[in-house]
Amino acid sequence: IADAETMLRDRWQSIELRHDLVELQPFFAQQLNLSIPSKDPLPTDWEARVDMLWERVRDGETLTGQQLQTVLEKEFGMIYHGSEELEDLILREAGEHPAGRAGFQQLCKEIVC
């Protein structure tokens, strides 16, 4: 029973984590000009698309949860009460917070794939 509870708890956590990404998919898909869902691999100009979005969302050399929150509110009407959730998401998916350019690309890939 303990093993089953552990597996269920892990699965529930992964579903919750995936929900965070799915919630952001429409914004990132629109900004990166991608069709979601798509079985196609990332487009050949993927890095150029990420670069264009990176220039719009970053402030300085990194991206923080607060910066992403501001962009989501202004451009997509998504309201987050506090940037902590986005900071956790960036750290989890990009591997760093604040995220640099490489981390941002990883974040984009995790969200749209």
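Treat the numbers as computed from the prediction; the structure is a model and nothing was measured.

Chemist: What exactly am I supposed to notice about the packing of aromatic side chains here?
Modeler: Aromatic ring pairs are described here by two measures, namely the spacing of the ring centres and the angle between the planes. All told, the structure shown has four aromatic pairs when counted by the stated rule. Taken together, a centroid distance of 5.6 Å and an interplanar angle of 70° make the contact between Phe27 and Phe76 edge-to-face. Pair noted here: Phe27 is in helix H1 (residues 2-31) and Phe76 is in helix H3 (residues 65-76), with a separation of 49 residues, a long-range link. On the numbers, 6.4 Å between centres and 45° between planes, the contact of Phe28 with Phe104 is tilted. Pair noted here: Phe28 is in helix H1 and Phe104 is in helix H5 (residues 101-112), with a separation of 76 residues, a long-range link. Residue class for Phe28 comes out buried when judged on its relative accessible area of 1%. The rings of Phe27, Phe28, Trp54, Phe76 and Phe104 are connected pair by pair, giving a single aromatic cluster.

Chemist: How should a negative patch on the surface be read in this particular structure?
Modeler: Taken together, the side chains of Glu23, Glu84, Glu85 and Asp88 present a region of like negative charge at the surface. Mapped onto the elements of the fold, Asp88 is located in helix H4 (residues 84-94).

The rules we used
- Residues numbered from 1 in each chain as written.
- Predicted model: local features only at pLDDT ≥ 70, side-chain atom pairs only at ≥ 80, totals over all residues.
- Heavy atoms only, no water.
- Phe/Tyr/Trp six-rings, centres within 6.5 Å; stacked < 30°, edge-to-face > 60°.
- Helix = DSSP H or I, 4+ residues; strand = E, 2+ residues; numbered from the N terminus.
- Buried < 20%, exposed > 50% of the residue type's maximum accessible area, 1.4 Å probe, protein only.
- Patch = residues over 30% accessible without salt bridge, like charges linked within 9 Å, V, L, I, M, F, W, Y side chains within 5 Å.
- Areas by Shrake-Rupley, 256 points an atom, 1.4 Å probe, with all protein chains shown as cover.
- Salt bridge = Lys/Arg side-chain N within 4 Å of Asp/Glu carboxyl O.
- Lys, Arg positive; Asp, Glu negative; His and termini not counted.
- Charge placed at Lys NZ, Arg CZ, Asp CG, Glu CD.

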